[in-house]
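Residue-level structural notes
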Amino acid sequence: MDIMTESRTEEADGRLARAVVSDFIRNGAHLFDERVDPQAAAELLAEIRATRRFDDSLFLSQAEFDADPQYTGVNPKPGRNLLERFEHRLGFVEQAPHLVEAITTLLGPDYRILDKKVVCGVPARSVPPWLQARILGNPVNNLGAYVRPEHRDVTYFYGIDFHQDLIDYKAREADFLTLYVYLHPVGRADAPLFLLEGSHRLGGSVFPHELTRTGPDAWLYRNGPYGEVAVRQRMLTGDAGFAAIWHACTLHGTQPDAADHERISLRYLVARGAAKTSAIDTVNATLAGPLSLTDTRKDLGADGSAAIRRNTVNQV
Ligand SMILES: O=C(O)CCC(=O)C(=O)O
């Protein structure tokens, strides 16, 4: 049986729903065997690539940046989000039956999309030397601050250390998940996502995280009084249309893009709607730590610039 037929059968008899819940409980993530339509992914990718050059023309000059550094409000937002232009092209993700079934299982039928955007892993050759020197060793290299305002409709990364997606949601319960879709093949050099499977079990934890490498793909992760857990690192490589979902407390990160071209993906955050209970409660009931945090990070200075220079994912 090929993978696609296998997945459709799983969907039909409820096996997909069961697999998603057990994978979330055990690993804090589910990687789909079935891809979303690779042709539709390629068409969307071509349209995204046609909007700009993903080279050093994305960035402010050093003098322009230093004249008025802005570290906040530099991510896509309503009215400045490239995906708003391509809503008509997103059905291959948003209506993909296996994704809908998995998300409905976890969050209930009235789930809602909290956020969606294009994420770009910027290759080293596109990052100007002054900027490379400035950001070296930072744990979160979201380059939005250095990008020309007209290009801030996409999020650009030059790697980001292991973090939880709860990081952007102070005081919100972990009632949402991340859906991540590759629009082209992603190999080791293309800034693949690294997930720490099972790290969600310690609940919400303040960034940067306490991680000790214990083997080539193994870490010991501690969350203060909530204890520690041995976790396995999983590198998400895949073809165009590869899709994965993970819990808001699952640690993940990327290294700088080592290829000679950018890596372009779609990132959705999807939250529970009014549904009072859904399988995410079953998952959350198994966590040993908090479901929400009043403070999610302690790596930034008052202006939003990096105050800590250390990075764990780059040791991988
Ligand atoms: O795409 C990337 O390089 C990192 C994405 C990520 O981890 C995030 O947006 O939370």
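Residues numbered from 1 in each chain as written. Predicted model: local features only at pLDDT ≥ 70, side-chain atom pairs only at ≥ 80, totals over all residues. Heavy atoms only, no water.

**What about the packing of aromatic side chains?**
As enumerated under the stated definition, the model contains nine aromatic pairs in all. When the centroid spacing of 6.1 Å and the interplanar angle of 75° are considered together, the rings of W130 and Y146 count as edge-to-face. Residue W130 is located in helix α7 (residues 129-135), and its partner Y146 is located in the loop between β3 (140-142) and β4 (155-163); the two are separated by 16 residues in the primary sequence. As far as burial versus exposure is concerned, W130 and Y146 are alike and both buried. Ring pairs connect the aromatic residues F65, Y71, W130 and Y146, which therefore count as one cluster. (Phe/Tyr/Trp six-rings, centres within 6.5 Å; stacked < 30°, edge-to-face > 60°. Helix = DSSP H or I, 4+ residues; strand = E, 2+ residues; numbered from the N terminus. Buried < 20%, exposed > 50% of the residue type's maximum accessible area, 1.4 Å probe, protein only.)

**A closer look at the site of the ligand**
By nearness alone, every residue bordering the ligand is listed as V119, F157, I160, H163, D165, Y180, H252, T254, R263 and R267. Within the contact set of the ligand, an oxygen atom lies 3.3 Å away from a side-chain nitrogen or oxygen of H252. At a separation of 3.0 Å, an oxygen atom of the ligand approaches a polar side-chain atom of T254. Burial of the ligand by the protein amounts to 97% of the accessible area it has alone, namely 290 Å². (Near = heavy atom within 4 Å. Polar contact = N/O pair within 3.5 Å; in protein donor to acceptor, adjacent residues only side chain to side chain. Areas by Shrake-Rupley, 256 points an atom, 1.4 Å probe, with all protein chains shown as cover.)

**Describing the nonpolar core**
Residues L143, L183 and L266 are the most contacted members of the largest nonpolar core, which totals 55 residues. Setting aside chain neighbours within four positions, we find L266 in contact with L44, L83, L90, F92, V93, K117, V118, L179, Y180, V181 and L183. (Core = buried A, V, L, I, M, F, W, Y, C linked by side-chain atoms within 4.5 Å. Contact = heavy atoms within 4.5 Å.)

**Here we look at unusual backbone geometry**
With an omega dihedral of 0°, the bond running from F207 to P208 counts as a cis peptide bond. As for its placement among the helices and strands, P208 is situated in the loop between β6 (193-197) and β7 (210-215). Even without glycine at this site, A171 takes up a positive phi of about 65°. Given a relative accessible area of 57%, A171 falls into the exposed group.

**Focus on the pattern of salt bridges**
Inspection of every chain in the model, using the stated rule, returns 18 salt bridges. Between D165 and R267 there is a salt bridge, with its nearest N and O atoms 3.0 Å apart. Linking D165 in the loop between β4 and β5 (176-182) with R267 in strand β12 (residues 263-271), this pair joins segments that are 102 residues apart in sequence. Under the relative-accessibility criterion, D165 is labelled buried at 1%. Overall, R267 belongs to the buried group, its relative accessible area being 10%. (Salt bridge = Lys/Arg side-chain N within 4 Å of Asp/Glu carboxyl O.)

**What to know about the pairing of strand β9 (residues 228-236)**
As paired elements, β6 and β9 share five bridges and run antiparallel to each other. When the bridges of β9 are listed, E197 appears paired with R232. The sheet contact formed by strand β8 (residues 218-222) and β9 spans five bridges and is antiparallel. For W219, the partnering residue across the bridge sits in β9 and is V231. (Pairing = 2+ DSSP bridges.)

**So, the pairing of β8**
Of the two faces of β8, the one holding W219 and Y221 is buried and the one holding A218, L220 and R222 is not buried anywhere. Examined bridge by bridge, β7 and β8 share five bridges and lie antiparallel to one another. Of the residues in β8, the one forming a bridge with E210 is R222. Hairpin connection from β7 to β8: two residues lie between these consecutive antiparallel strands. Hairpin connection of β8 to β9: five residues between the antiparallel strands, including G224 at a positive phi of 40°.

**Comments concerning the side chain of H209**
If you trace the backbone, H209 turns up in the loop between β6 and β7. Among the polar contacts listed, one links the side chain of H209 to the backbone oxygen of V206, at a separation of 3.5 Å. Excluding anything up to four places from it in sequence, H209 contacts F162, H163, Q164, Y221, L251 and R310.

**Topic: the confidence of the model for the protein chain**
In the predicted model, the protein chain carries a mean pLDDT of 93, and 96% of its residues have values of at least 70. Ignoring residues within four places in sequence, the model shows residues 1-6, a span with pLDDT below 50, making six contacts including any to other chains. (pLDDT = per-residue confidence, 0-100.)

**Overview of the environment of R309**
Position of R309 relative to the elements: it lies in the segment after α8 (279-284). Measuring from C-alpha to C-alpha, the distance between R309 and V140 comes to 9.3 Å, with 169 residues separating the pair along the chain.

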